[in-house]
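One letter stands for each residue in the lines below.
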Amino acid sequence: MSATETAVSSAPAGEGRSPGRAAPLGHPTRFSTRLFRSELRLIGGRRRNQVGLLVLAVLPVVIAVVTKATAADRRGGGDIIGQITGNGLFVALAALTVELTMFLPLAIGMLSGDAIAGEANLGTLRYLLTVPVSRARLLAVKYASLCAGSLWGVLMVAVPGAVVGIALFGFGPMTTLSGTQLGPWEATGRVALACLYATVCLCGLAAVRLFVSTLTEQPIAVTVAVMIFTIVSWILDSIGQLAWLHPWLLVHRWMAFTDLVRDPPVWDLVREGVLVSLGYAVVFWLASWARFAGKDVTS
């Protein structure tokens, strides 16, 4: 993207763009991240997003403090929660286990609602299209910003969890779910891989939400619709009689990041989860483009 493709400057106080304030025309360049950086500033500047990120960061702290208060002397266990007292890094993994089912999808739903529907609701979408930037490129930048927001949300869960967990339970060798031990830095790498995997899963969901955002001008409708999609997916995934459907559900392998803290790591479900998430991302981004490319933008 060139500098001419940045339609509107980011809004002060982060609640929206100021219509009609286009960037000055200049000599085009072959590539620019200006519009993408503008999207990130909008995401980070909105007060509700800041509050949402704060809520995401609070839960790992609560998990760590409650575990310390109720099971300070208990060691080991066969799952993520049971391993917290053995190594503080497990707080980050436990928080991801809890928040990946509901809170992180809700947070990404709020961001996705603002992507297209929010611009239309504020009356700024048509200004974004008044400069020489294709709708496909604009949609690609919107999706890239949602993926960045997904990583942001995951880190807001994992980093505070790891910091507080290490402060309360220490940073030593990690006992894996297989019963063997990893060195502290190798364990940190495993947690980083788990965060990356969770981000990829949320990127698949972000594509679904981007598509829904092209169907309406009400951001809250996007959040509600895709939360229903997520909840229904979890319900379907819990019904044994629908086992034939489970491999096609986006959420089916979300918890496979726990396989990364086994020794050796079990990659089968992780690999399948990445492929399914990429499949959802491609299909729903193309559906978004098909919808948005011919959409009559009046607001």
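This report concerns the structure included in the present document. Model, not experiment: these values are computed from the prediction. (Residues numbered from 1 in each chain as written. Predicted model: local features only at pLDDT ≥ 70, side-chain atom pairs only at ≥ 80, totals over all residues. Heavy atoms only, no water.)

### Focus on the overall build of the protein chain
Then step 1. Of the regular secondary structure elements, the protein chain holds nine helices and two strands.
Then step 2. Each helix and strand of the protein chain, ordered N terminal to C terminal, gives the series α-α-α-α-α-α-β-β-α-α-α.
Then step 3. A burial count over the protein chain gives 48% of its 299 residues as buried.
Then step 4. If you take every contact in the protein chain between residues at least 6 apart in sequence, the share linking residues at least 24 apart comes to 75%.
Then step 5. Accessible surface, the protein chain: about 13,200 Å² in total, of which carbon and sulfur atoms supply 69%. (Helix = DSSP H or I, 4+ residues; strand = E, 2+ residues; numbered from the N terminus. Buried < 20%, exposed > 50% of the residue type's maximum accessible area, 1.4 Å probe, protein only. Contact = heavy atoms within 4.5 Å. Areas by Shrake-Rupley, 256 points an atom, 1.4 Å probe, with all protein chains shown as cover.)

### Observations concerning the nonpolar core
Then step 1. If you look at the biggest cluster of nonpolar residues, it comprises 62 residues, and the most contacted ones within it are Leu-93, Leu-104, Tyr-143 and Trp-254.
Then step 2. Only helix 2 (47-71), helix 3 (89-99), helix 4 (103-122), helix 6 (135-169), helix 7 (184-213), helix 8 (219-237) and helix 9 (268-293) provide two or more residues apiece to this core.
Then step 3. Leaving out residues up to four positions away in the same chain, Leu-93 has contacts with Ile-80, Val-191, Ala-194, Phe-257 and Val-261. (Core = buried A, V, L, I, M, F, W, Y, C linked by side-chain atoms within 4.5 Å.)

### Considerations on the pattern of salt bridges
Then step 1. Overall, the coordinates contain five salt bridges when judged by the stated rule.
Then step 2. Asp-263 serves as the salt-bridge partner of Arg-190, at 4.0 Å between the closest nitrogen and oxygen. Highlighted residues: Arg-190 in helix 7 and Asp-263 in the loop between helix 8 and helix 9, separated in sequence by 73 residues.
Then step 3. Owing to a relative accessible area of 8%, Arg-190 belongs among the buried residues under this scheme.
Then step 4. Residue class for Asp-263 comes out partly exposed when judged on its relative accessible area of 31%.
Then step 5. Ionic pairing is found between Arg-262 and Asp-259, a salt bridge with its closest N-O pair at 3.1 Å.
Then step 6. The buried category is assigned to Asp-259, whose relative accessible area is 9%.
Then step 7. Residues joined by salt bridges that share partners form a network here, namely Glu-186, Arg-190 and Asp-263. (Salt bridge = Lys/Arg side-chain N within 4 Å of Asp/Glu carboxyl O.)

### Considering the packing of aromatic side chains
Then step 1. A complete count under the given rule lists four aromatic pairs for this structure.
Then step 2. Measuring from centroid to centroid gives 5.8 Å for Trp-234 and Trp-254, while their planes differ by 80 degrees, and the two rings are edge-to-face. Residue Trp-234 is located in helix 8, and its partner Trp-254 is located in the loop between helix 8 and helix 9; the two are separated by 20 residues in the primary sequence.
Then step 3. A relative accessible area of 0% places Trp-254 in the buried class.
Then step 4. Grouped by ring-pair contacts, the aromatic residues Phe-211, Tyr-280 and Phe-284 constitute a single cluster. (Phe/Tyr/Trp six-rings, centres within 6.5 Å; stacked < 30°, edge-to-face > 60°.)

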